[in-house]
Amino acid sequence: QVQLVESGGGLVQAGGSLRLSCAASGSIHSINAMGWYRRAPGKQRELVARITGNGSTNYQDSVKGRFAISRDNAKNTVSLQMNSLKPEDTAVYFCNAGVLSGGSRWYNDYWGQGTQVTVSS
């Protein structure tokens, strides 16, 4: 079994910064893409940022230039540095990873439990 555990959410004023981290653990053979998604109240879950195994990244337009995703392949972790936060960034943030676990023939999607980010104006 594979688990993703997020940390680093919280309450911050507009213009502030937060750093989210996610650690994958369990029976992991390899991880391809890792990413962060968010779900704001009354909205569908959306991609925030994604990073492939070789480090290629893509971002939602609204966070480009403010957020930065990174990963540590040796530690099976992914982080999201969020700067210049805005009230519209308020959401539950979820970590996602495509994992090839021990005994599996293909990659499966795994999700963290979510961490709340609240940006006050």
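Quick summary incoming for the structure in this document.

One can find Ser62 in the loop between β6 (57-59) and β7 (67-72). For Ser62, a relative accessible area of 36% translates into the label partly exposed. For Ser62 and Val48, which are 14 residues apart along the polypeptide, the C-alpha to C-alpha distance reads 8.6 Å. A distance of 3.5 Å separates the side chain of Ser62 from the side chain of Arg38, its partner in a polar contact.

Of all hydrophobic cores here, the largest spans 29 residues; its most connected members are Trp36, Val48, Phe67, Val78, Leu80, Met82 and Tyr93. Counting residues per element, this core draws most heavily on strand β9 (residues 91-101), at five residues. With residues near it in sequence (within four places) discarded, Met82 still touches Gly16, Ser17, Leu18, Leu20, Arg66, Phe67, Tyr93 and Val117.

A complete count under the given rule lists one disulfide for this structure. Between the sulfur atoms of Cys22 and its disulfide partner Cys95 the distance amounts to 2.1 Å. Taking the sign of the S-S torsion, about -80° here, the bridge from Cys22 to Cys95 comes out left-handed. In this pair, Cys22 sits in strand β3 (residues 18-26) while Cys95 sits in strand β9, placing the two residues 73 residues apart along the sequence.

Moving on: the packing of aromatic side chains. On inspection of all chains with the given rule, the structure shows one aromatic pair. For the ring pair Tyr37 and Trp111, a centre distance of 5.0 Å and an interplane angle of 65° mean the geometry is edge-to-face. One end of the pair, Tyr37, is in strand β4 (residues 28-39); the other, Trp111, is in strand β10 (residues 108-111), and 74 residues separate them in sequence. Above the plane of the ring of Trp111 lies Arg45, whose end atom (NZ or CZ) is 3.8 Å from the centre.

What follows covers the pairing of β7. The alternating pattern of β7 places Phe67, Ile69 and Arg71 on a buried face and Ala68, Ser70 and Asp72 on a face that is not buried. Sheet topology places β7 next to strand β8 (residues 77-82); six bridges connect them, and they run antiparallel. Looking across to β8, one finds that Ser70 is bridged to Ser79. Remark: four residues form the turn of the hairpin made by β7 and β8, two consecutive strands paired antiparallel; Asn76 in that turn has positive phi of roughly 55°.

Criteria and cut-off values
Residues numbered from 1 in each chain as written. Predicted model: local features only at pLDDT ≥ 70, side-chain atom pairs only at ≥ 80, totals over all residues. Heavy atoms only, no water. Helix = DSSP H or I, 4+ residues; strand = E, 2+ residues; numbered from the N terminus. Buried < 20%, exposed > 50% of the residue type's maximum accessible area, 1.4 Å probe, protein only. Polar contact = N/O pair within 3.5 Å; in protein donor to acceptor, adjacent residues only side chain to side chain. Core = buried A, V, L, I, M, F, W, Y, C linked by side-chain atoms within 4.5 Å. Contact = heavy atoms within 4.5 Å. Disulfide = S-S within 2.5 Å. Phe/Tyr/Trp six-rings, centres within 6.5 Å; stacked < 30°, edge-to-face > 60°. Lys NZ or Arg CZ within 6 Å of the ring centre and 35° of its normal. Pairing = 2+ DSSP bridges.

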